Amino acid sequence: MTFRRTQPHGGARGRSGGSRPGTRHRTSAQRPAEHDGQGGGTGNPQPHGRPGRGTARREWGQNFFRSAAVARRFARQMDGVDDRAAALIEIGPGSGRVTRELVVPDRPLTAVEIDPHWVRHLRERALPNLTVVNRDFLDWRPPKGPMRFIGNLPFGTGTTMLRRCLELGPDRFLEGVFLLQEEYTRKRVGGYGGNLFNAQWAPWYGFRRGLRFPRHDFRPAPRTDTETLLVSPLPEPLVPWRQRVAYQRFVDGLFNTGQLTVGQAARAVGGRGNAAWLRAAGVPSGLRVKDVTPRQWADLFRASGPPPVGERARGGRGPTPRRAPARRRARRGPSR
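A. Focus on the nonpolar core. Within the largest apolar cluster, 50 residues are counted, with the highest numbers of intra-cluster contacts made by Phe-149, Phe-178, Trp-297 and Leu-300. For this core, the element with the most residues is helix 8 (residues 244-255), which contributes six residues. Ignoring anything within four residues of it in the chain, the contact list for Leu-300 reads Phe-250, Val-262, Trp-277, Leu-278, Ala-281, Val-283 and Val-292. In this structure, Ala-71, Leu-130, Val-177 and Leu-179 belong to the second largest nonpolar core, which totals 23 residues.

Encoded structure:
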């Protein structure tokens, strides 16, 4: 399970999702060349300057399940594995332990892997109905139609990869089973209170905690334990998907004021006139922004009124342009 390196948040290098560090985009000249050898490697230099498996493991943060039994536990968390209408996508298959648990004769599986060594390894195994794509997931163009995703996401780029899946929409992204750093999973399910990311996606998706996998379930052992994040679309969306961009801009405009309560945030972005749509939505002005529920965010969005004429074509809307006080209007730049 391999990805491109980025510096983890906080500045220090660390394992992503308990499985790999994040990765920084590399050109083809910078990436480790395809080489011989198996996954445990010693890191000794290979002929013609090719890096050994140990070097590639460090470059892409490769930490695999120690046993087939543990990989099987992870793979079996997928609810829709028997849905033949949706394409099944594995992100970063690496050595293929999870891949072998997902492959069945009559269901196609696409595995997206950045490391040429493991791409060749999987192709040589000739597993039934398996297509191996040698690409970085963030650069890969998914097929049309509904999809289910499973994979071990890095902490450094895990949020970006998760967002990439969510942006497909609830009609296409039908299920996600993602192994991440335990602390990150708890944040996504609201364990530390509300946050902007969750508020922006809650009208269409639900986040749940799945199985936990301690660090000693991997080889080599990462620095932190991991936990599965289960993602699924809501049975009924709270906001039409066609209004996603407008809704997310609206939430961003309120959430990023730095104000404690909804009433304070509304006044910060639009003056006292915004109190009217707070009342129309039935949301108490004294409610903390981090405590606003998904349904209340949707109610606030609807009560804030139709988007300005110039925004309708591109789906943008937000409280920022509305009746801002003159002294603040001169200082404010373009809305986000």
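After that view of the structure, there is still more to cover.
B. Layout of the sheet that holds strand 4 (residues 130-134). Pairing in this open sheet of seven strands is mixed, and the strands run 4-3-2-5-6-9-7 from one edge to the other. What marks the edges here is a single partner per strand, and that holds for strand 4 and strand 7 (205-213). Strand after strand, the sheet turns through a mean of 20° between neighbouring axes, direction not considered. Note: strand 3 (residues 109-113) against strand 4, five bridges, orientation parallel. Considered in strand 4, the bridge of Ala-111 is made with Val-132. Running over the sheet, helix 2 (residues 68-75) touches strand 5 (147-152), strand 6 (173-181), strand 7 and strand 9 (226-233) and is turned about 165° from strand 7. Of the strands in this sheet, strand 2 (87-91), strand 5, strand 6, strand 7 and strand 9 are in contact with helix 5 (residues 155-166), which crosses strand 6 at around 175°.

C. Inspection of helix 4 (residues 116-125) at higher detail. All buried positions along helix 4 are accounted for by Pro-116, His-117, Trp-118, Val-119, His-121 and Leu-122. The opening residue of helix 4 is Asp-115, an N-cap whose side-chain oxygen sits 2.9 Å from the backbone nitrogen of His-117. Ala-126 sits one or two residues past helix 4 and shows a positive phi near 50°.

Conventions adopted
- Residues numbered from 1 in each chain as written.
- Predicted model: local features only at pLDDT ≥ 70, side-chain atom pairs only at ≥ 80, totals over all residues.
- Heavy atoms only, no water.
- Core = buried A, V, L, I, M, F, W, Y, C linked by side-chain atoms within 4.5 Å.
- Buried < 20%, exposed > 50% of the residue type's maximum accessible area, 1.4 Å probe, protein only.
- Helix = DSSP H or I, 4+ residues; strand = E, 2+ residues; numbered from the N terminus.
- Contact = heavy atoms within 4.5 Å.
- Pairing = 2+ DSSP bridges.
- Axes fitted to C-alpha atoms, helices over the stretch in contact; angles between N-to-C directions.
- Polar contact = N/O pair within 3.5 Å; in protein donor to acceptor, adjacent residues only side chain to side chain.

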